[in-house]
Amino acid sequence: QVQLVESGGGLVQPGGSLRLSCAPSGTIASIYPMGWYRQAPGKQRELVAHITGGGSTTYADSVKGRFTIARDNAKNTLYLQMNSLKPEDTAVYYCNGRNSRSVDYWGQGTRVTVSS
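Being a predicted model, the structure only gives us computed values, none of them experimental. The residue count restarts for each chain, going from 1 along the sequence in the order it is written. Under the rules for a predicted model, residues below a pLDDT of 70 receive no local features and side-chain atom pairs below 80 are neither given nor counted, while totals for whole chains, interfaces and linings still include all residues. Side-chain calculation: all heavy atoms of the structure are included, whereas hydrogens and water are not.

Visitor: Mind showing me how you'd approach the packing of aromatic side chains here?
Guide: Aromatic rings considered in pairs are described by the distance between their centres and by the relative angle of their planes. Centres within 6.5 Å make a pair out of two Phe, Tyr or Trp rings, where for Trp the six-membered ring is used; the pair is then stacked when the planes are under 30 degrees apart, edge-to-face when over 60, and tilted otherwise. Within this structure, the stated rule accounts for 1 aromatic pair. Consider the rings of Y37 and W106, whose centres lie 5.0 Å apart with planes at 65°: the pair is edge-to-face. Residue Y37 is located in strand β4 (residues 31-39), and its partner W106 is located in strand β10 (residues 104-106); the two are separated by 69 residues in the primary sequence. The classification of residues rests on relative accessible area computed with a 1.4 Å probe and restricted to protein chains. Under 20% of the type maximum is buried, over 50% is exposed, and intermediate values are partly exposed. By relative accessible area, which is 22% here, Y37 ends up partly exposed. Its relative accessible area of 33% is what places W106 among the partly exposed residues. In this arrangement the basic side chain of R19 is found over the ring face of Y79, its NZ or CZ atom lying 4.0 Å from the centre. Lying over the aromatic face of Y94, R45 brings its terminal NZ or CZ to 3.8 Å of the ring centre. Each helix is a run of H or I in the DSSP string that is no shorter than four residues. Each strand is a run of E no shorter than two, and both are numbered from the N terminus. Sitting over a ring, as applied to charges here, requires NZ of Lys or CZ of Arg to be within 6 Å of the ring centre and within 35 degrees of the ring normal.

Visitor: Looking at this structure, how should I read the state of the cysteines?
Guide: Criterion for a disulfide: a pair of cysteine sulfur atoms within 2.5 Å. One pass over the full model with this rule turns up 1 disulfide. Bridging C22 to C95, the disulfide has an S-S length of 1.9 Å. Here the S-S torsion is close to -80°, and the disulfide linking C22 with C95 is therefore left-handed. One end of the pair, C22, is in strand β3 (residues 18-24); the other, C95, is in strand β9 (residues 91-99), with 73 residues separating them in the sequence.

See below:
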């Protein structure tokens, strides 16, 4: 069942911006979102950005300088600010998180379409 919920996807023109959010559902506690992945049509799922508990970030080369990952620890919410969007950013974006036992959880995905 869905245990992480993503939001914020949609249709945007090239050069535009979107902000994705991810938070645990109300059915389970103590899941900490840590990373964003995406899967484009006909492509493998890839890591987009990751943030550690200490705030260290990692980005795919294709999004460096354009995307920013951040956490709001008070809300236990993960964000992905996406600027200067390109058509090749079109994909379903998935949130990944872990509980205190390092068990992975995934969201259902939110679709991002970059097109004029």
